Amino acid sequence: MKTWDISSEDIDRIAIGAGILGTGGGGSSYHGQLKAKAHLSSGMKIEVVLPEDLPDDATVLPLGGIGAPTVSIERIDEGHEGIRLIEAIENVSGKRIDALVADEIGGSNGIAPMLPAAQLGLPVVDADGMGRAFPETQMTSFFVGGQETAPAALTDVHGNVLVVTDARSPEMLERLMRPATIAMGCSALMSTAPISGAFLKSHGIHHSISLARRLGDAVLCARSAKTDPVDAICTVGRGGCLLRGKVVDIARSIANGFTRGMLTVSGLGEDRGRVIEIDLQNEFIVAREDGSEIATVPDLICVVDSDDGAPVSTEEIRYGIRVAILCLPAPKLLRTESALAVMGPRAFGYDLDFKPFNQPYDPAPAESYMMNPAPAGIDNPGEETRHGTS
């Protein structure tokens, strides 16, 4: 397999982009950024392979965090969670894992497979199963495409490992994994069943790491050029800005292993007098104005700092901060009838149909970051990727 090494500067950009694609969830990309850069500093390598270069018979393991982001941002990882998952799946399945892939590109989960991959010398596929973040296990293009439900595994910071050897449906796997996650403290690392390279090519969201990196690079270039990073994000993501304003209310709580609540943003400047409310369940699910829905899952409702474009997650939102609410179109695989049944508005209990914000956007291979290196002369963003520190 032809692979590329990810640099520390790439990680800075991927962390920003994954935070944007996380639609408020997926865990803190800042924490993932620090862990990945620590691995690189210690001499480890993070290698990426394009999905089109992956052998059809390769065995790929999807993994990512599960639980409440509010807990995961405060909890320190033990450091070997990914290795335990890989060993557990290999022991049960009898298959040797050839590569890792993110179940979701959003937030820290976009970086999660890079950590055990670096520790074990495995490549990470430039793809994922969501093109964003979603709160429940079954909400992936992999499961929509027919991924097996077992073996799946779960582990926590204390070394506990749970392996599911059979689950009758992806929804049942979610119902098994969620209580176990709560027992583990509402934050754990999870792997679903191994998939083949051929399956990933057909049912994965391609080039999502590249898109995250391009979004992060657009933000940093805009900051350096003193241009609008919000516009830069919309250009790269083929989306639009719904509102620029101030957070006037945020209500959230942890219930049944999720962070749930509502965000209210009042418009400023040209948007003065407008108000948008957003329902959240780990991620931003539905945005409404004047009682009417203006954006819904699976399209990406993203909240970023209106000045510097830094992503703002559901656990970081606080009263008074200035934000921009964006909507980016979901990938094509999420807009099929079978996918909408699993991750559309009705899957979250809303009595409404999905209305696309814009045409879907699937990055082409030529747009891979590995073929478009970062422009020279942009300062390392360091701590600026964490909202509120710049």
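Residues numbered from 1 in each chain as written. Predicted model: local features only at pLDDT ≥ 70, side-chain atom pairs only at ≥ 80, totals over all residues. Heavy atoms only, no water.

*Asks:* If you had to explain the confidence of the model for the protein chain to someone new, which residues and values would you point to?
*Replies:* Detailed reading of the predicted coordinates is not advisable wherever pLDDT is low. Per-residue confidence for the protein chain gives a mean pLDDT of 90; residues scoring 70 or more make up 90%. Contacts for the low-pLDDT stretch residues 369-390, under 50 throughout, to residues beyond four places or in other chains number 54 contacts. (pLDDT = per-residue confidence, 0-100. Contact = heavy atoms within 4.5 Å.)

*Asks:* Give me the packing of aromatic side chains: which residues, what numbers.
*Replies:* Taken as a whole, this structure holds one aromatic pair when the rule is applied. The ring of F134 has R132 sitting right over it, with the charged end atom 4.1 Å from the ring centre. (Phe/Tyr/Trp six-rings, centres within 6.5 Å; stacked < 30°, edge-to-face > 60°. Lys NZ or Arg CZ within 6 Å of the ring centre and 35° of its normal.)

*Asks:* Which residues make up the packing of helix α1 (residues 8-21) against helix α2 (residues 29-41), and what values go with them?
*Replies:* Running from amino to carboxyl end, α1 crosses α2 at an angle of 165°, the nearest separation of the two axes being 9 Å. One element, α1, and the other, α2, form an angle in the roughly antiparallel class. Remark: the crossing between α1 and α2 carries right-handed chirality. Side by side, α1 and α2 meet where S8, I11, D12, A15 and G19 of the first sit next to S29, Q33, A36, K37 and L40 of the second. Looking at the contact of α1 with α2 residue by residue, the class counts come to four nonpolar, four polar and two charged. (Axes fitted to C-alpha atoms, helices over the stretch in contact; angles between N-to-C directions. Helix = DSSP H or I, 4+ residues; strand = E, 2+ residues; numbered from the N terminus. Parallel < 35°, antiparallel > 145°, perpendicular 65-115°, else oblique. Left-handed = near helix turned anticlockwise from the far one by under 90°. Nonpolar A, V, L, I, M, F, W, Y, C, P; charged D, E, K, R; others polar.)

*Asks:* Could you give me a rundown of unusual backbone geometry, with the residues and numbers involved?
*Replies:* Omega for the bond connecting A150 with P151 falls within 30 degrees of zero, at 5°, which places this linkage in the cis form. By the element assignment, P151 lies in the loop between α6 (141-144) and β6 (152-155). Geometrically, the link from V297 to P298 is a cis peptide bond, its omega value of 10° lying close to zero. For K226, which is not glycine, the phi dihedral falls at a positive 60°. Among the structural elements, K226 can be located in the loop between α9 (208-225) and α10 (229-237). A positive phi angle is found at R238, which is not glycine, with a value near 60°.

*Asks:* So what's going on with the pairing of strand β16 (residues 300-305)? Which residues, and what values?
*Replies:* Most of β16 sits inside the fold, with six of its six residues counted as buried. Of the strand pairs in this sheet, β16 and strand β17 (residues 322-328) are connected by six bridges, and their pairing is antiparallel. Bridge pairing in β17 places L300 opposite L328. (Buried < 20%, exposed > 50% of the residue type's maximum accessible area, 1.4 Å probe, protein only. Pairing = 2+ DSSP bridges.)

*Asks:* Would you mind going over α2 in detail, with residue names and values included?
*Replies:* Structurally, the α-helix is built with 3.6 residues per turn, so residues lying three or four positions apart point the same way. Over its 13 residues, α2 extends 18 Å from the first C-alpha to the last, a length consistent with the 18 Å expected when each residue adds 1.5 Å. Looking only at α2, the buried set comprises S29, Y30, G32, Q33, A36, K37, H39 and L40. Turning to α2, the residues buried within the fold contact α1 and α5 (114-120). Where α2 ends, the next residue or the one after it, G43, has phi of about 100°, a positive value. (Expected span 1.5 Å × (residues − 1).)

*Asks:* A description of the sheet that holds strand β15 (residues 292-296) should follow, citing residues and the corresponding values.
*Replies:* With respect to topology, seven strands assemble into an open sheet ordered β15-β14-β13-β12-β11-β17-β16, the strand pairing being antiparallel. With partners counted over all chains shown, the strands left at the sheet margins are β15 and β16, one partner each. Taking each pair of neighbouring strands and ignoring which way they run, the sheet shows an average axis angle of 35°. Sheet topology note: the strand β12 (residues 258-267)/strand β13 (residues 275-281) ladder contains seven bridges and is antiparallel. Opposite T264, over in β13, you have E277 as the bridge partner. Across the sheet, α10 is in contact with β11 (240-255), β16 and β17; its angle to β17 comes to roughly 10°.

*Asks:* Let's hear about α9: which residues, and what values?
*Replies:* Helix length check: α9, at 18 residues, gives a terminal C-alpha distance of 25 Å against a target of 26 Å (1.5 Å per residue), a fit within 8%. Burial runs high along α9: 14 of the 18 residues are buried. A positive backbone phi angle near 60° is found at K226, which sits one or two residues after α9.

*Asks:* Lay out the pattern of salt bridges in plain terms, naming residues and giving numbers.
*Replies:* Two side chains that carry opposite charge are able to pair once their charged atoms sit near each other. Summed over the entire model, instances satisfying the criterion amount to 17 salt bridges. Residue R178 pairs with E174 through a salt bridge whose shortest N-O separation is 2.8 Å. Taken as a pair, R178 and E174 lie in helix α7 (residues 170-183) at a separation of four residues, close to a single helical turn. With respect to class, R178 is no different from E174; both count as buried. Notably, a salt bridge pairs D228 with R244, separated by 2.7 Å at the nearest N-O pair. Of the two residues, D228 sits in the loop between α9 and α10 while R244 sits in strand β11, which places them 16 residues apart along the sequence. Residue class for R244 comes out partly exposed when judged on its relative accessible area of 26%. (Salt bridge = Lys/Arg side-chain N within 4 Å of Asp/Glu carboxyl O.)

*Asks:* Before we move on, can you summarise the packing of α1 against α9 with the specific residues and values?
*Replies:* Following both chains from N to C, one finds α1 and α9 inclined at 100°, their axes separated by 6 Å at the closest point. By the angle class used here, α1 and α9 are roughly perpendicular. In contact with D10, R13, I14, I16, G17, A18, I20 and L21 of α1, α9 contributes S208, I209, L211, A212, R213, L215, G216, D217, V219 and L220. Of the residues that constitute the contact of α1 with α9, the class distribution is eleven nonpolar, three polar and four charged.

*Asks:* Break down the layout of surface pockets for me, citing the residues and quoting the values.
*Replies:* Looking at the largest pocket, its volume works out to about 890 Å³. Taken together, 50 residues make up the lining of the largest pocket; nearest its centre are G64, G65, N109, A188 and L189. Contributions of two or more residues to the lining of the largest pocket are made by α2, β3 (59-67), α3 (69-72), α4 (81-93), α5 and β8 (187-191). Residues that form the lining of the largest pocket fall into these classes: 16 nonpolar, 22 polar and twelve charged. (1 Å grid on protein atoms, 1.4 Å probe; cavity = no way out; pocket = protein on both sides within 12 Å on 5 of 7 lines; lining within 4 Å. Points joined across faces, edges and corners; volume = space filled by probe spheres on them.)

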